[in-house]
Amino acid sequence: MENGDVIELEITDVAHGGVFVGRYGAPGERGRVVFVPDTIPGERVRVQLVDTRKAAFWRGEVREVLEASPHRRPHIWAQADLSTPADGRPGGADFGHIELAHQRALKLRVVEDALARIGKLDVPATIEAPLPLRRADGSVDQESEDGTGWRTRVSLHVDDAGRIGPFGARSHRVVPVTELPLATAAIAEAAARLDHGRPGRIDLVQPADGRVRVLPRPDARPARRHTPEVVREVVGSREFRVDAGGFWQVHRLAAHTLTGFVSDALRDVQADADGWHLDLYGGVGLLAAAIGDVVGDGVRVTTVESDARATEHAGENLAGWVGARAETARVERWVSALAASAGAAERERLARGVVVLDPPRAGAGQATARAIAGLGPKAIVYVACDPVALARDLAVFRESGYAATTVRAVDLFPHSHHIEAVVALTR
Ligand SMILES: C[S@@+](CC[C@H](N)C(=O)[O-])C[C@H]1O[C@@H](n2cnc3c(N)ncnc32)[C@H](O)[C@@H]1O
(Lines give C-alpha, C1' and ligand atoms only; values in the text may rest on other atoms or scores of the structure.)
Protein backbone atom coordinates (compact mmCIF):
# COMPACT_ATOMS: atom_id res chain seq x y z
CA MET A 1 0.00 0.00 0.00
CA GLU A 2 1.08 3.58 -0.51
CA ASN A 3 0.14 7.08 0.53
CA GLY A 4 -3.23 8.05 -0.89
CA ASP A 5 -4.67 4.53 -0.86
CA VAL A 6 -8.06 4.20 0.81
CA ILE A 7 -8.86 1.27 3.13
CA GLU A 8 -11.65 0.23 5.46
CA LEU A 9 -10.71 -0.25 9.10
CA GLU A 10 -12.33 -1.29 12.32
CA ILE A 11 -11.01 0.87 15.16
CA THR A 12 -10.14 -1.32 18.12
CA ASP A 13 -8.27 0.85 20.61
CA VAL A 14 -7.07 4.28 21.70
CA ALA A 15 -3.34 5.15 21.78
CA HIS A 16 -1.35 7.82 23.60
CA GLY A 17 -1.32 11.19 21.83
CA GLY A 18 -4.93 11.50 20.65
CA VAL A 19 -4.92 8.80 17.98
CA PHE A 20 -6.84 5.57 17.61
CA VAL A 21 -5.75 2.16 16.44
CA GLY A 22 -6.97 -0.16 13.72
CA ARG A 23 -5.28 -3.18 12.13
CA TYR A 24 -5.15 -3.72 8.41
CA GLY A 25 -4.67 -7.23 7.09
CA ALA A 26 -6.41 -10.37 5.93
CA PRO A 27 -8.94 -11.94 8.35
CA GLY A 28 -7.12 -14.08 10.92
CA GLU A 29 -3.85 -12.13 10.60
CA ARG A 30 -2.73 -9.64 13.29
CA GLY A 31 -2.44 -7.04 10.57
CA ARG A 32 -0.51 -3.77 10.30
CA VAL A 33 -1.21 -1.12 12.94
CA VAL A 34 -2.78 2.01 11.48
CA PHE A 35 -3.00 5.13 13.63
CA VAL A 36 -6.02 7.30 12.83
CA PRO A 37 -7.24 10.48 14.55
CA ASP A 38 -10.88 11.71 14.70
CA THR A 39 -12.41 8.28 15.27
CA ILE A 40 -13.48 6.15 18.29
CA PRO A 41 -12.89 2.49 19.23
CA GLY A 42 -15.77 0.40 17.89
CA GLU A 43 -16.18 2.48 14.73
CA ARG A 44 -15.81 1.26 11.18
CA VAL A 45 -14.20 3.96 9.06
CA ARG A 46 -12.93 4.59 5.57
CA VAL A 47 -9.35 5.80 5.91
CA GLN A 48 -6.93 7.40 3.48
CA LEU A 49 -3.33 6.41 4.18
CA VAL A 50 -1.09 9.47 4.60
CA ASP A 51 2.15 7.88 5.85
CA THR A 52 3.17 4.37 4.84
CA ARG A 53 6.95 4.80 5.18
CA LYS A 54 7.36 2.82 8.41
CA ALA A 55 7.32 -0.96 8.60
CA ALA A 56 5.83 -1.00 12.11
CA PHE A 57 2.78 1.19 11.51
CA TRP A 58 1.02 3.44 9.04
CA ARG A 59 -0.90 6.66 9.58
CA GLY A 60 -4.24 7.50 8.02
CA GLU A 61 -7.01 10.09 8.02
CA VAL A 62 -10.73 9.38 8.26
CA ARG A 63 -12.57 10.05 5.02
CA GLU A 64 -15.91 8.57 6.08
CA VAL A 65 -17.42 7.08 9.23
CA LEU A 66 -19.16 3.93 8.03
CA GLU A 67 -20.45 2.73 11.41
CA ALA A 68 -20.44 5.38 14.12
CA SER A 69 -19.80 4.71 17.80
CA PRO A 70 -22.77 5.45 20.11
CA HIS A 71 -20.31 7.79 21.87
CA ARG A 72 -19.83 10.00 18.78
CA ARG A 73 -21.19 13.55 19.13
CA PRO A 74 -21.24 16.58 16.83
CA HIS A 75 -17.78 18.09 17.40
CA ILE A 76 -17.75 20.58 20.27
CA TRP A 77 -15.87 22.94 17.91
CA ALA A 78 -17.94 22.98 14.71
CA GLN A 79 -14.95 23.99 12.59
CA ALA A 80 -12.94 20.98 13.85
CA ASP A 81 -15.64 18.54 12.70
CA LEU A 82 -14.88 15.95 10.03
CA SER A 83 -17.28 17.79 7.73
CA THR A 84 -14.71 20.62 7.43
CA PRO A 85 -11.90 19.95 4.91
CA ALA A 86 -8.84 18.69 6.84
CA ASP A 87 -6.71 21.80 6.20
CA GLY A 88 -9.42 24.05 7.69
CA ARG A 89 -9.71 22.21 11.02
CA PRO A 90 -8.15 23.80 14.12
CA GLY A 91 -6.16 21.61 16.51
CA GLY A 92 -6.34 21.36 20.28
CA ALA A 93 -9.66 19.52 20.62
CA ASP A 94 -8.80 16.05 19.33
CA PHE A 95 -11.40 14.34 21.57
CA GLY A 96 -14.10 16.95 20.87
CA HIS A 97 -16.16 14.49 18.80
CA ILE A 98 -16.58 12.11 21.77
CA GLU A 99 -19.15 12.21 24.58
CA LEU A 100 -17.40 13.75 27.63
CA ALA A 101 -17.82 10.72 29.95
CA HIS A 102 -16.46 8.42 27.24
CA GLN A 103 -13.46 10.73 26.64
CA ARG A 104 -12.63 10.12 30.30
CA ALA A 105 -13.05 6.35 29.97
CA LEU A 106 -10.63 6.42 27.00
CA LYS A 107 -8.11 8.60 28.85
CA LEU A 108 -8.22 6.21 31.79
CA ARG A 109 -7.53 3.37 29.37
CA VAL A 110 -4.46 5.24 28.04
CA VAL A 111 -3.18 5.77 31.61
CA GLU A 112 -3.77 2.11 32.55
CA ASP A 113 -2.12 0.91 29.36
CA ALA A 114 0.98 3.12 29.91
CA LEU A 115 1.31 1.89 33.50
CA ALA A 116 1.03 -1.76 32.49
CA ARG A 117 2.93 -1.76 29.18
CA ILE A 118 5.63 0.86 29.72
CA GLY A 119 5.95 0.88 33.51
CA LYS A 120 5.20 -2.88 33.93
CA LEU A 121 3.16 -1.74 36.93
CA ASP A 122 0.03 -3.28 38.32
CA VAL A 123 -1.46 -0.13 39.88
CA PRO A 124 -5.19 0.61 39.68
CA ALA A 125 -6.11 4.02 38.27
CA THR A 126 -9.20 6.21 38.56
CA ILE A 127 -10.29 9.33 36.69
CA GLU A 128 -12.26 12.32 37.90
CA ALA A 129 -13.57 15.66 36.65
CA PRO A 130 -12.01 18.89 38.00
CA LEU A 131 -13.15 19.59 41.57
CA PRO A 132 -15.94 22.12 42.05
CA LEU A 133 -14.89 25.27 43.89
CA ARG A 134 -17.05 26.75 46.65
CA ARG A 135 -16.46 30.49 46.88
CA ALA A 136 -16.56 32.61 50.04
CA ASP A 137 -20.00 33.96 49.00
CA GLY A 138 -21.41 30.40 48.88
CA SER A 139 -21.54 30.21 45.06
CA VAL A 140 -20.06 27.14 43.40
CA ASP A 141 -17.79 27.32 40.36
CA GLN A 142 -17.76 24.03 38.52
CA GLU A 143 -17.02 22.48 35.17
CA SER A 144 -19.58 23.48 32.51
CA GLU A 145 -22.00 20.70 31.61
CA ASP A 146 -20.40 20.14 28.20
CA GLY A 147 -16.82 20.59 29.45
CA THR A 148 -16.16 23.80 27.45
CA GLY A 149 -15.07 27.29 28.58
CA TRP A 150 -12.10 26.21 30.73
CA ARG A 151 -8.95 27.66 29.14
CA THR A 152 -7.63 30.73 30.97
CA ARG A 153 -4.54 30.59 28.76
CA VAL A 154 -4.67 30.37 24.94
CA SER A 155 -1.85 30.71 22.41
CA LEU A 156 -2.74 31.89 18.92
CA HIS A 157 -0.34 32.27 16.03
CA VAL A 158 0.16 34.89 13.33
CA ASP A 159 1.53 33.75 9.98
CA ASP A 160 3.47 35.73 7.39
CA ALA A 161 0.22 36.68 5.64
CA GLY A 162 -1.10 38.18 8.90
CA ARG A 163 -3.66 35.40 9.51
CA ILE A 164 -4.39 34.88 13.24
CA GLY A 165 -5.60 31.64 14.79
CA PRO A 166 -4.64 28.37 16.40
CA PHE A 167 -2.48 25.90 14.53
CA GLY A 168 -4.38 23.31 12.51
CA ALA A 169 -4.71 19.76 13.77
CA ARG A 170 -1.25 18.08 13.62
CA SER A 171 0.23 21.01 11.68
CA HIS A 172 1.90 24.39 12.10
CA ARG A 173 -0.49 26.04 9.65
CA VAL A 174 -2.47 28.95 11.10
CA VAL A 175 -6.23 28.32 10.89
CA PRO A 176 -8.40 31.42 11.38
CA VAL A 177 -11.44 30.51 13.51
CA THR A 178 -14.75 32.12 14.39
CA GLU A 179 -14.98 30.64 17.90
CA LEU A 180 -12.79 29.24 20.69
CA PRO A 181 -15.14 26.96 22.65
CA LEU A 182 -12.48 25.62 25.02
CA ALA A 183 -11.52 29.15 26.13
CA THR A 184 -13.31 31.18 28.77
CA ALA A 185 -15.93 33.50 27.26
CA ALA A 186 -13.75 36.58 27.95
CA ILE A 187 -10.75 35.08 26.14
CA ALA A 188 -12.92 34.00 23.20
CA GLU A 189 -14.28 37.56 22.92
CA ALA A 190 -10.81 39.12 23.16
CA ALA A 191 -9.53 36.72 20.48
CA ALA A 192 -12.39 37.64 18.16
CA ARG A 193 -11.32 41.30 18.40
CA LEU A 194 -7.71 40.61 17.32
CA ASP A 195 -7.27 41.89 13.79
CA HIS A 196 -3.52 42.24 13.33
CA GLY A 197 -0.21 41.12 14.70
CA ARG A 198 3.39 40.50 13.73
CA PRO A 199 4.31 36.93 12.72
CA GLY A 200 4.79 34.78 15.80
CA ARG A 201 2.57 34.05 18.78
CA ILE A 202 -0.10 35.93 20.68
CA ASP A 203 -0.94 34.65 24.16
CA LEU A 204 -4.25 35.48 25.79
CA VAL A 205 -4.35 35.16 29.56
CA GLN A 206 -7.26 35.66 31.94
CA PRO A 207 -6.07 35.72 35.57
CA ALA A 208 -8.27 35.90 38.66
CA ASP A 209 -9.21 39.56 38.16
CA GLY A 210 -11.12 38.49 35.04
CA ARG A 211 -9.41 40.98 32.70
CA VAL A 212 -7.85 39.41 29.60
CA ARG A 213 -4.22 40.27 28.87
CA VAL A 214 -3.09 40.09 25.24
CA LEU A 215 0.63 39.27 25.08
CA PRO A 216 2.22 39.50 21.62
CA ARG A 217 5.27 37.26 21.22
CA PRO A 218 6.55 38.07 17.74
CA ASP A 219 9.26 35.87 16.20
CA ALA A 220 11.37 38.99 15.75
CA ARG A 221 11.87 39.92 19.40
CA PRO A 222 12.45 43.58 20.26
CA ALA A 223 16.05 44.31 21.33
CA ARG A 224 14.83 45.77 24.64
CA ARG A 225 12.70 43.46 26.78
CA HIS A 226 10.00 44.97 28.98
CA THR A 227 9.55 43.84 32.54
CA PRO A 228 6.59 41.42 32.41
CA GLU A 229 3.34 42.37 34.09
CA VAL A 230 2.71 40.47 37.31
CA VAL A 231 -0.85 39.18 37.79
CA ARG A 232 -2.59 37.65 40.79
CA GLU A 233 -4.11 34.18 40.85
CA VAL A 234 -6.34 32.97 43.67
CA VAL A 235 -6.67 29.45 45.08
CA GLY A 236 -9.05 29.19 48.03
CA SER A 237 -7.97 31.93 50.42
CA ARG A 238 -4.43 32.14 48.98
CA GLU A 239 -3.07 34.53 46.40
CA PHE A 240 -0.20 33.81 44.05
CA ARG A 241 1.83 36.35 42.12
CA VAL A 242 2.79 35.11 38.65
CA ASP A 243 4.08 36.76 35.47
CA ALA A 244 1.15 37.25 33.07
CA GLY A 245 3.03 35.13 30.54
CA GLY A 246 4.56 32.77 33.12
CA PHE A 247 3.50 29.22 33.92
CA TRP A 248 0.14 28.80 35.62
CA GLN A 249 -2.26 25.85 35.34
CA VAL A 250 -4.54 26.35 32.33
CA HIS A 251 -7.99 25.05 33.36
CA ARG A 252 -9.78 27.61 35.52
CA LEU A 253 -10.33 24.88 38.18
CA ALA A 254 -6.90 23.23 37.81
CA ALA A 255 -4.89 24.99 40.52
CA HIS A 256 -7.70 24.39 43.01
CA THR A 257 -8.11 20.75 41.91
CA LEU A 258 -4.38 19.91 42.04
CA THR A 259 -4.10 21.60 45.44
CA GLY A 260 -6.95 19.32 46.60
CA PHE A 261 -5.43 16.15 45.13
CA VAL A 262 -1.92 16.89 46.43
CA SER A 263 -3.29 17.81 49.87
CA ASP A 264 -5.19 14.49 50.01
CA ALA A 265 -2.00 12.63 49.07
CA LEU A 266 0.05 14.54 51.68
CA ARG A 267 -2.49 13.65 54.36
CA ASP A 268 -2.51 9.99 53.21
CA VAL A 269 1.27 9.77 53.61
CA GLN A 270 1.13 11.74 56.88
CA ALA A 271 3.36 14.63 55.89
CA ASP A 272 4.28 16.48 59.08
CA ALA A 273 6.45 19.23 60.53
CA ASP A 274 9.29 16.82 61.37
CA GLY A 275 10.41 16.53 57.76
CA TRP A 276 12.12 18.68 55.15
CA HIS A 277 9.73 18.76 52.22
CA LEU A 278 10.59 19.54 48.60
CA ASP A 279 8.44 20.98 45.81
CA LEU A 280 10.40 20.18 42.64
CA TYR A 281 9.57 21.95 39.36
CA GLY A 282 7.72 24.30 41.69
CA GLY A 283 6.72 27.24 39.43
CA VAL A 284 5.47 30.06 41.66
CA GLY A 285 5.02 27.75 44.64
CA LEU A 286 1.45 26.45 44.18
CA LEU A 287 2.18 22.96 45.54
CA ALA A 288 4.67 24.17 48.19
CA ALA A 289 1.72 26.18 49.54
CA ALA A 290 -0.37 22.98 49.62
CA ILE A 291 2.44 21.37 51.64
CA GLY A 292 2.47 24.40 53.98
CA ASP A 293 -1.29 24.25 54.46
CA VAL A 294 -1.30 20.53 55.27
CA VAL A 295 1.80 20.54 57.48
CA GLY A 296 1.14 23.84 59.26
CA ASP A 297 3.11 26.91 60.33
CA GLY A 298 6.20 24.92 61.31
CA VAL A 299 6.68 23.53 57.79
CA ARG A 300 10.14 23.36 56.29
CA VAL A 301 9.77 23.34 52.51
CA THR A 302 12.04 24.20 49.59
CA THR A 303 10.69 24.84 46.11
CA VAL A 304 13.06 24.37 43.16
CA GLU A 305 12.35 25.92 39.77
CA SER A 306 14.54 26.77 36.77
CA ASP A 307 12.83 30.06 35.89
CA ALA A 308 14.31 32.86 38.02
CA ARG A 309 11.26 35.14 37.87
CA ALA A 310 8.94 32.30 38.90
CA THR A 311 11.25 31.56 41.84
CA GLU A 312 11.19 35.21 42.82
CA HIS A 313 7.39 35.08 42.91
CA ALA A 314 7.49 31.77 44.81
CA GLY A 315 9.62 33.46 47.48
CA GLU A 316 6.92 36.11 47.95
CA ASN A 317 3.99 33.70 47.61
CA LEU A 318 5.43 31.51 50.38
CA ALA A 319 6.59 34.37 52.60
CA GLY A 320 3.93 33.49 55.22
CA TRP A 321 5.96 30.38 56.19
CA VAL A 322 9.29 31.16 57.84
CA GLY A 323 10.57 27.71 56.92
CA ALA A 324 9.85 28.11 53.18
CA ARG A 325 12.66 28.71 50.69
CA ALA A 326 12.56 29.18 46.92
CA GLU A 327 15.60 28.31 44.82
CA THR A 328 16.35 28.85 41.14
CA ALA A 329 18.01 25.73 39.76
CA ARG A 330 17.53 22.85 37.40
CA VAL A 331 16.07 20.03 39.48
CA GLU A 332 18.51 17.40 38.18
CA ARG A 333 21.50 19.49 39.27
CA TRP A 334 19.97 20.71 42.53
CA VAL A 335 19.04 17.21 43.68
CA SER A 336 22.44 15.72 42.93
CA ALA A 337 24.20 18.68 44.60
CA LEU A 338 22.02 18.16 47.67
CA ALA A 339 22.76 14.43 47.67
CA ALA A 340 26.49 15.21 47.59
CA SER A 341 26.44 17.90 50.28
CA ALA A 342 23.72 16.92 52.81
CA GLY A 343 24.99 16.19 56.29
CA ALA A 344 23.53 13.61 58.66
CA ALA A 345 20.94 15.98 60.20
CA GLU A 346 19.72 17.13 56.78
CA ARG A 347 19.49 13.54 55.54
CA GLU A 348 17.42 12.65 58.55
CA ARG A 349 14.99 15.54 57.91
CA LEU A 350 14.80 14.64 54.22
CA ALA A 351 14.01 11.04 55.19
CA ARG A 352 11.05 12.32 57.20
CA GLY A 353 9.92 14.67 54.44
CA VAL A 354 7.85 14.33 51.28
CA VAL A 355 9.04 15.17 47.75
CA VAL A 356 6.32 16.64 45.53
CA LEU A 357 7.34 16.79 41.88
CA ASP A 358 5.43 18.28 38.96
CA PRO A 359 7.77 18.00 35.97
CA PRO A 360 7.05 19.16 32.40
CA ARG A 361 5.73 16.73 29.81
CA ALA A 362 8.99 14.80 29.42
CA GLY A 363 8.84 13.74 33.07
CA ALA A 364 11.74 13.76 35.52
CA GLY A 365 13.73 11.15 33.58
CA GLN A 366 15.60 8.13 34.85
CA ALA A 367 18.62 9.83 36.38
CA THR A 368 16.61 12.50 38.21
CA ALA A 369 14.00 10.02 39.47
CA ARG A 370 16.80 7.82 40.79
CA ALA A 371 18.50 10.83 42.43
CA ILE A 372 15.20 11.89 44.08
CA ALA A 373 14.69 8.38 45.43
CA GLY A 374 18.33 8.47 46.59
CA LEU A 375 17.42 11.32 48.97
CA GLY A 376 15.29 8.70 50.74
CA PRO A 377 12.13 10.75 51.40
CA LYS A 378 9.35 9.15 53.43
CA ALA A 379 7.01 9.59 50.46
CA ILE A 380 6.87 11.00 46.94
CA VAL A 381 3.84 12.76 45.44
CA TYR A 382 4.10 12.83 41.64
CA VAL A 383 1.94 15.25 39.59
CA ALA A 384 2.14 14.19 35.95
CA CYS A 385 0.88 15.66 32.69
CA ASP A 386 2.02 12.77 30.49
CA PRO A 387 1.04 9.18 31.30
CA VAL A 388 3.93 7.60 29.38
CA ALA A 389 6.60 9.74 31.11
CA LEU A 390 4.82 9.03 34.40
CA ALA A 391 4.89 5.26 33.81
CA ARG A 392 8.63 5.39 32.98
CA ASP A 393 9.44 7.41 36.11
CA LEU A 394 7.22 5.24 38.33
CA ALA A 395 9.12 2.18 37.13
CA VAL A 396 12.38 3.83 38.27
CA PHE A 397 10.85 4.74 41.62
CA ARG A 398 9.66 1.16 42.04
CA GLU A 399 13.19 -0.17 41.36
CA SER A 400 14.34 2.27 44.05
CA GLY A 401 11.86 0.88 46.59
CA TYR A 402 8.87 3.26 46.21
CA ALA A 403 5.46 1.83 45.40
CA ALA A 404 2.22 3.52 44.40
CA THR A 405 -1.09 2.16 45.60
CA THR A 406 -3.31 4.10 43.19
CA VAL A 407 -2.99 6.54 40.31
CA ARG A 408 -5.57 9.32 40.49
CA ALA A 409 -6.09 10.86 37.05
CA VAL A 410 -8.04 14.07 36.57
CA ASP A 411 -9.38 15.54 33.36
CA LEU A 412 -7.92 19.06 33.40
CA PHE A 413 -7.95 19.21 29.57
CA PRO A 414 -11.49 18.29 28.44
CA HIS A 415 -11.96 17.64 24.70
CA SER A 416 -8.23 17.08 24.19
CA HIS A 417 -6.31 13.84 24.75
CA HIS A 418 -4.24 15.42 27.54
CA ILE A 419 -4.61 14.13 31.07
CA GLU A 420 -3.14 14.95 34.48
CA ALA A 421 -2.51 12.40 37.25
CA VAL A 422 -1.46 12.52 40.89
CA VAL A 423 0.28 9.56 42.51
CA ALA A 424 1.44 9.04 46.09
CA LEU A 425 4.36 6.64 46.53
CA THR A 426 5.69 5.26 49.78
CA ARG A 427 8.50 2.90 50.74
C1 LIG B 1 4.20 21.60 35.05
S2 LIG B 1 4.94 23.08 35.64
C3 LIG B 1 4.54 22.98 37.35
C4 LIG B 1 4.60 24.25 38.13
C5 LIG B 1 3.87 24.24 39.47
N6 LIG B 1 3.98 22.99 40.18
C7 LIG B 1 2.41 24.61 39.30
O8 LIG B 1 1.56 23.72 39.36
O9 LIG B 1 2.12 25.81 39.09
C10 LIG B 1 6.61 22.66 35.54
C11 LIG B 1 7.58 23.75 35.97
O12 LIG B 1 8.90 23.21 35.92
C13 LIG B 1 9.80 24.18 35.43
N14 LIG B 1 10.93 23.40 34.88
C15 LIG B 1 11.02 22.77 33.68
N16 LIG B 1 12.16 22.06 33.61
C17 LIG B 1 12.81 22.23 34.79
C18 LIG B 1 14.02 21.75 35.33
N19 LIG B 1 14.80 20.93 34.63
N20 LIG B 1 14.36 22.11 36.58
C21 LIG B 1 13.57 22.96 37.29
N22 LIG B 1 12.40 23.45 36.84
C23 LIG B 1 12.02 23.09 35.60
C24 LIG B 1 8.99 25.00 34.46
O25 LIG B 1 9.56 26.30 34.33
C26 LIG B 1 7.61 25.01 35.13
O27 LIG B 1 7.47 26.13 35.98
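Conventions we followed
Residues numbered from 1 in each chain as written. Predicted model: local features only at pLDDT ≥ 70, side-chain atom pairs only at ≥ 80, totals over all residues. Heavy atoms only, no water. Helix = DSSP H or I, 4+ residues; strand = E, 2+ residues; numbered from the N terminus. Rg over C-alpha atoms; globule rule 2.2 N^0.38 Å. Contact = heavy atoms within 4.5 Å. Buried < 20%, exposed > 50% of the residue type's maximum accessible area, 1.4 Å probe, protein only. Pairing = 2+ DSSP bridges. Phe/Tyr/Trp six-rings, centres within 6.5 Å; stacked < 30°, edge-to-face > 60°. 1 Å grid on protein atoms, 1.4 Å probe; cavity = no way out; pocket = protein on both sides within 12 Å on 5 of 7 lines; lining within 4 Å. Points joined across faces, edges and corners; volume = space filled by probe spheres on them. Nonpolar A, V, L, I, M, F, W, Y, C, P; charged D, E, K, R; others polar. Near = heavy atom within 4 Å. Polar contact = N/O pair within 3.5 Å; in protein donor to acceptor, adjacent residues only side chain to side chain. UniProt positions renumbered as here; feature names shortened; annotations may be inferred. Expected span 1.5 Å × (residues − 1).

- Looking at an unreviewed UniProt entry, one finds the chain named Class I SAM-dependent RNA methyltransferase, with Microbacterium caowuchunii as its source organism.

## Observations regarding the overall build of the chain
For step 1, the next point in the chain: Within the chain, the regular secondary structure consists of nine helices and 21 strands.
For step 2, the next point in the chain: Taking 2.2 N^0.38 as the reference for a compact globule, 427 residues should give roughly 22 Å; the C-alpha atoms of the chain span a radius of gyration of 23 Å, in line with that estimate.
For step 3, the next point in the chain: Along the longest, intermediate and shortest principal axes, the C-alpha atoms of the chain span 65 × 55 × 45 Å.
For step 4, the next point in the chain: A fraction of 64% describes how many contacts in the chain between residues 6 or more apart in sequence connect residues 24 or more apart.

## Focus on the pairing of strand β9 (residues 153-158)
For step 1, the next point in the chain: Extensive coverage of β9 is indicated by the burial of five of its six residues.
For step 2, the next point in the chain: Where β9 meets strand β11 (residues 200-205), six bridges bridge the pair, whose relative direction is antiparallel. Within β11, the residue paired with V158 across the bridge is G200.
For step 3, the next point in the chain: Of the strand pairs in this sheet, β9 and strand β10 (residues 164-165) are connected by two bridges, and their pairing is antiparallel. Bridging across to β10, H157 finds its partner in G165.

## Describing the packing of aromatic side chains
The way to describe two aromatic rings as a pair is by their centre distance and the angle between their planes.
For step 1, the next point in the chain: Going through the model one piece at a time under the given rule, you end up with six aromatic pairs.
For step 2, the next point in the chain: Centroid distance F20 to F95: 5.7 Å. Interplanar angle 35°. Geometry classified as tilted. Note that F20 is positioned in strand β2 (residues 19-24) and F95 in the loop between β5 (57-67) and α1 (100-118), a separation of 75 residues in sequence.
For step 3, the next point in the chain: Between Y382 and F397 the ring centres are 6.4 Å apart and the planes differ by 80°, which places this aromatic pair in the edge-to-face class. Note that Y382 is positioned in strand β19 (residues 379-384) and F397 in helix α9 (residues 387-399), a separation of 15 residues in sequence.
For step 4, the next point in the chain: You can call Y382 buried: its relative accessible area is 1%.

## Some remarks on empty space enclosed by the protein
For step 1, the next point in the chain: What the rule picks out here adds up to one cavity of 30 Å³ or more.
For step 2, the next point in the chain: One number sums up the size of the largest cavity: a volume of about 40 Å³.
For step 3, the next point in the chain: Every residue along the wall of the largest cavity is listed here: D38, R72, H75, A80, D81, L82 and H97.
For step 4, the next point in the chain: For the lining of the largest cavity, the class distribution of residues is two nonpolar, two polar and three charged.

## Description of the site of the ligand
For step 1, the next point in the chain: Surveying the vicinity of the ligand reveals 16 residues, the closest of which are Q249, E305, S306, V331 and D358.
For step 2, the next point in the chain: In the model, a nitrogen atom of the ligand is placed 3.1 Å from a nitrogen or oxygen of the S306 main chain.
For step 3, the next point in the chain: In the environment of the ligand, a nitrogen atom lies 2.9 Å from a nitrogen or oxygen atom belonging to the side chain of D358.
For step 4, the next point in the chain: Per-class residue counts for the shell around the ligand are eight nonpolar, four polar and four charged.

## Thoughts on the UniProt feature "binding site: S-adenosyl-L-methionine" (unreviewed entry) in the chain
For step 1, the next point in the chain: The feature "binding site: S-adenosyl-L-methionine" (unreviewed entry), as annotated in UniProt, sits at Q249, Y281, E305 and D358 in this numbering. Checked against the lining of the second largest pocket, the annotated residues reduce to Q249.
For step 2, the next point in the chain: Inspection of the secondary structure assignment puts Q249 in the loop between β14 (238-243) and α3 (254-268).
For step 3, the next point in the chain: Overall, Q249 belongs to the buried group, its relative accessible area being 8%.
For step 4, the next point in the chain: Within the secondary structure, Y281 is located in the loop between β15 (276-280) and α4 (286-295).
For step 5, the next point in the chain: Setting aside chain neighbours within four positions, we find Y281 in contact with V304, E305, V331, L357, D358, P359, P360, A364 and T368.

## Quick look at the UniProt feature "active site" (unreviewed entry) in the chain
For step 1, the next point in the chain: Under the UniProt annotation, the feature "active site" (unreviewed entry) is placed at C385.
For step 2, the next point in the chain: As for its position among the elements, C385 is in the loop between β19 and α9.
For step 3, the next point in the chain: A residue is classified by how much of its surface remains accessible, and C385, at 14% relative accessible area, is buried.
For step 4, the next point in the chain: Not counting the four nearest positions on each side in its chain, C385 is found in contact with P359, P360, R361, I419 and E420.

## Details of α3
A turn of α-helix holds 3.6 residues, and therefore any two residues three or four places apart point the same way.
For step 1, the next point in the chain: If you check α3, its first and last C-alpha atoms are 21 Å apart, about what 15 residues at 1.5 Å a residue would give, namely 21 Å.
For step 2, the next point in the chain: Burial of α3 is extensive: eleven of the 15 residues sit out of reach of the surface.
For step 3, the next point in the chain: Every buried residue of α3 is listed here: A254, A255, T257, L258, T259, G260, F261, V262, S263, A265 and L266.
For step 4, the next point in the chain: Once α3 ends, the next one or two residues include Q270, with phi positive near 60°.

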